[in-house]
Amino acid sequence: MRTGAATPRGGPRFRDALVPRRWSLWRQGPRVIVYCLLTEAAAVVLTLRPFPVAVDRRTVLILLVLLLLGVTQSEMGRRVERIRRRVSGTPHINMTSVWTFAGVLVLPPPLLAVLVAGLYGHLAIRSWYRLQRVPASRTVSNAAIILLSCYAAQAVMRVSGSPDVRAAFPRGWAGTFAIAAAGVTFFVVNALLVLPARREIGRTPEALFGTWADNGLEVATLCLGALNALALAVLPGLTVLVLPPLLLLHRTVLVKQLEVAAHRDAKTGLYNTSGWHALAERTLAAAARQRSTFGLLMLDLDHFKQVNDTYGHLAGDAVLRAVAEAIISAVRGRGDAVGRFGGEEFVVLLPGIAHPDIGAVAERIRRAVAALKVPAGNLSITGLSTSIGMAVYPTAGTSLQRLLDAADTALYHAKATGRNKVVHVADLA
């Protein structure tokens, strides 16, 4: 399931978790506090409602197997998970769906609640004593959200006429579609429910719902969960075979995240200098082969030092993140690459664009930055502006360095002639 962005270091100590007034939940905004309490109350109410389901010994045994394997997988992958949380800047996807979605397909609602409580209770204890990164209130909220997602998926199964995986067997393709619909419901409900529980809600699809790789991981765990349920229904002993590929998938995802993190700026999540240059060189090579064009923008925030001096460096970092999101939103859909070259300087690659279209994009970015209102304590930082220099391949140069020099020359002219404007290097000739 997805749990939101990485949690800051320094989670609560055990004795703080025992004192309600010290819970980290109360340090969140009113919106987050109310939403977390409502989702937790809804999960409790739905769990306590009467269910006309008989629980036999086999079902209890399946519950115990899922709990044991879930805890085992969590313990075996805890070091990988700790590193993943550290480098994650988008909604975090963990691997518990392998067990919880299997529970959706093979357990009645009361035992499903026990499974979720057991798995997330273990995560809470592990956080207190080992990781010390995830507050207990975050774990409880995540458990409530995953339980509501599970109940929604089970409701779809019941409506489809296949309350569990065993009832789906004789229905053939109809049963298969019921399980697939339950998986889709789980995925969508979880993605939507986790949004209001986050302190900060991003403005881009990636910040809201994660990357394609993140969502691919969630789909993969749901698929493994369905296969896990099938094994439990037919030959329960085979469910242990889920562990090796799951642990390998976990480690593979970590390697991918580390590769991405090596090319990303820590403050904004944009490409860093080396990551942007690598992508720009590939774009240049493709443009040379296809004899196409691409645009390059260089941006510099005007008077950014005054923001740091007036509001502090933390507020300055918030401004950089807001500007990064504004740029991404302004150029979204063009296959662009946005990077931060350090300080308050940004660079944007715009494939398949030429003059005068590049000017319209640059002007859209300038207006988006000017409209920003960035919270800084009890105040809002407004009045931001940016100067932008533009260059187009191959008119301004046939090498990346020449294009950068041309855009930088245009940027310098924009700052020297009044700032808060867009200048094309072709206009300086």
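Coordinates for the structure precede this section.
Residues numbered from 1 in each chain as written. Predicted model: local features only at pLDDT ≥ 70, side-chain atom pairs only at ≥ 80, totals over all residues. Heavy atoms only, no water.

A. Spatial organisation of the overall build of the protein chain. If you tally the helices and strands in the protein chain, you get 17 helices and seven strands. For the protein chain, with 429 residues in total, the buried portion stands at 50%. Counting contacts in the protein chain only where the partners sit at least 6 residues apart, residues at least 24 apart contribute 76% of the total. Carbon together with sulfur atoms contributes 62% to the accessible area of the protein chain, which is approximately 20,400 Å² in total. (Helix = DSSP H or I, 4+ residues; strand = E, 2+ residues; numbered from the N terminus. Buried < 20%, exposed > 50% of the residue type's maximum accessible area, 1.4 Å probe, protein only. Contact = heavy atoms within 4.5 Å. Areas by Shrake-Rupley, 256 points an atom, 1.4 Å probe, with all protein chains shown as cover.)

B. View of the layout of surface pockets. Computed from the structure, the second largest pocket encloses a volume of approximately 380 Å³. For the second largest pocket, the lining is made up of 19 residues, of which Phe-101, Thr-176, Ile-179, Ala-180 and Ala-226 are closest to its centre. Elements with a contribution of two residues or more to the lining of the second largest pocket: helix H5 (97–106), helix H8 (165–168), helix H9 (173–193) and helix H11 (212–234). With seven residues, the top contributor of residues to the lining of the second largest pocket is H9. Here the residues of the lining of the second largest pocket sort into 15 nonpolar, four polar and no charged. (1 Å grid on protein atoms, 1.4 Å probe; cavity = no way out; pocket = protein on both sides within 12 Å on 5 of 7 lines; lining within 4 Å. Points joined across faces, edges and corners; volume = space filled by probe spheres on them. Nonpolar A, V, L, I, M, F, W, Y, C, P; charged D, E, K, R; others polar.)

C. Quick peek at the environment of Tyr-120. With respect to the helices, strands and loops of the structure, Tyr-120 is situated in helix H6 (residues 109–131). When the C-alpha atoms of Tyr-120 and Val-71 are compared, they prove to be 9.4 Å apart, with 49 residues separating the residues in sequence. At 3.0 Å, the side chain of Tyr-120 forms a polar contact with the side chain of Thr-96. (Polar contact = N/O pair within 3.5 Å; in protein donor to acceptor, adjacent residues only side chain to side chain.)

D. Geometry of the sheet that holds strand E3 (residues 345–351). Within the open sheet, the five strands sit side by side as E2-E3-E1-E6-E7. Their pairing is mixed. Every interior strand has two partners, whereas the edge strands, strand E2 (337–340) and strand E7 (422–424), have only one. Neighbouring strand axes in the sheet, compared pairwise and without regard to direction, differ in orientation by 20° on average. Note that strand E6 (residues 386–393) and E7 share three bridges and pair parallel. Directly across from Ile-388, in E7, lies its bridge partner Val-422. Sheet strands touched by helix H13 (residues 273–290): strand E1 (294–301), E2, E3 and E6. Its angle to E3, the strand with the most contacts, is close to 25°. Against the sheet, helix H15 (residues 313–331) engages E1, E2 and E3, with an angle of about 15° to E3. (Pairing = 2+ DSSP bridges. Axes fitted to C-alpha atoms, helices over the stretch in contact; angles between N-to-C directions.)

E. Summary view of the pattern of salt bridges. Applying the stated criterion to the full structure yields seven salt bridges. Measuring nitrogen to oxygen at the nearest pair gives 3.2 Å for the salt bridge that ties Asp-317 to Lys-267. Highlighted residues: Asp-317 in helix H15 and Lys-267 in the loop between helix H12 (243–262) and H13, separated in sequence by 50 residues. With a relative accessible area of 17%, Asp-317 lands in the buried category. On the accessibility criterion, Lys-267 (39% relative accessible area) is partly exposed. Asp-300 is the partner of Lys-415 in a salt bridge, and the nearest nitrogen-oxygen pair spans 2.9 Å. Of the two residues, Lys-415 sits in helix H17 (residues 400–416) while Asp-300 sits in strand E1, which places them 115 residues apart along the sequence. On the basis of relative accessibility, which here comes to 12%, the residue Asp-300 falls in the buried class. Each member of the salt-bridge network shares a partner with another, and the members are Asp-300, Asp-302 and Lys-415. (Salt bridge = Lys/Arg side-chain N within 4 Å of Asp/Glu carboxyl O.)

F. Here's a closer look at the environment of Pro-244. For Pro-244, the position within the fold is in helix H12. Residue classification places Pro-244 among the exposed positions, given a relative accessible area of 52%. Separated by 171 residues in the primary sequence, Pro-244 and Gln-73 place their C-alpha atoms 9.3 Å from one another.

G. Representation of the packing of aromatic side chains in the model. Enumeration over the complete set of coordinates arrives at four aromatic pairs. Measuring from ring centre to ring centre gives 5.4 Å for Trp-276 and Phe-341, while their planes differ by 80°; the resulting arrangement is edge-to-face. Pair noted here: Trp-276 is in helix H13 and Phe-341 is in the loop between E2 and E3, with a separation of 65 residues, a long-range link. Among the residues examined, Trp-276 registers a relative accessible area of 0% and is labelled buried. Sitting over the ring of Tyr-151, Arg-49 keeps its end group 5.7 Å from the ring centre. (Phe/Tyr/Trp six-rings, centres within 6.5 Å; stacked < 30°, edge-to-face > 60°. Lys NZ or Arg CZ within 6 Å of the ring centre and 35° of its normal.)

H. Summary view of unusual backbone geometry. Cis geometry is adopted by the peptide bond preceding Pro-394, which originates at Tyr-393 and carries an omega value of 0°. Tracing the sequence through the fold places Pro-394 in the loop between E6 and H17. Backbone geometry at His-303 places phi at a positive 55°, although glycine is not the residue there. Turning to its location among the elements, His-303 is positioned in the loop between E1 and helix H14 (304–311). Note on His-303: relative accessible area 44%, which makes it partly exposed. At Asn-420, a residue that is not glycine, the phi angle is positive and equals roughly 50°. Here Asn-420 lies in the loop between H17 and E7. Classification of Asn-420 by relative accessible area gives partly exposed; the value is 32%.

I. Quick look at the nonpolar core. Counting residues in each nonpolar core, the largest one holds 51 residues, and the members touching the most others are Leu-66, Trp-99, Leu-105, Val-106, Leu-107 and Leu-115. Looking at which element gives the most residues to this core, the answer is helix H7 (residues 136–159), with ten residues. Beyond its immediate stretch of four places on either side in the chain, Trp-99 contacts Leu-66, Leu-69, Gly-70, Gln-73, Leu-115, Leu-119, Asn-228, Val-242, Leu-243 and Leu-246. Counting residues in each nonpolar core, the second largest holds 36 residues, with Val-307, Ile-365, Leu-372 and Ala-376 among its members. (Core = buried A, V, L, I, M, F, W, Y, C linked by side-chain atoms within 4.5 Å.)

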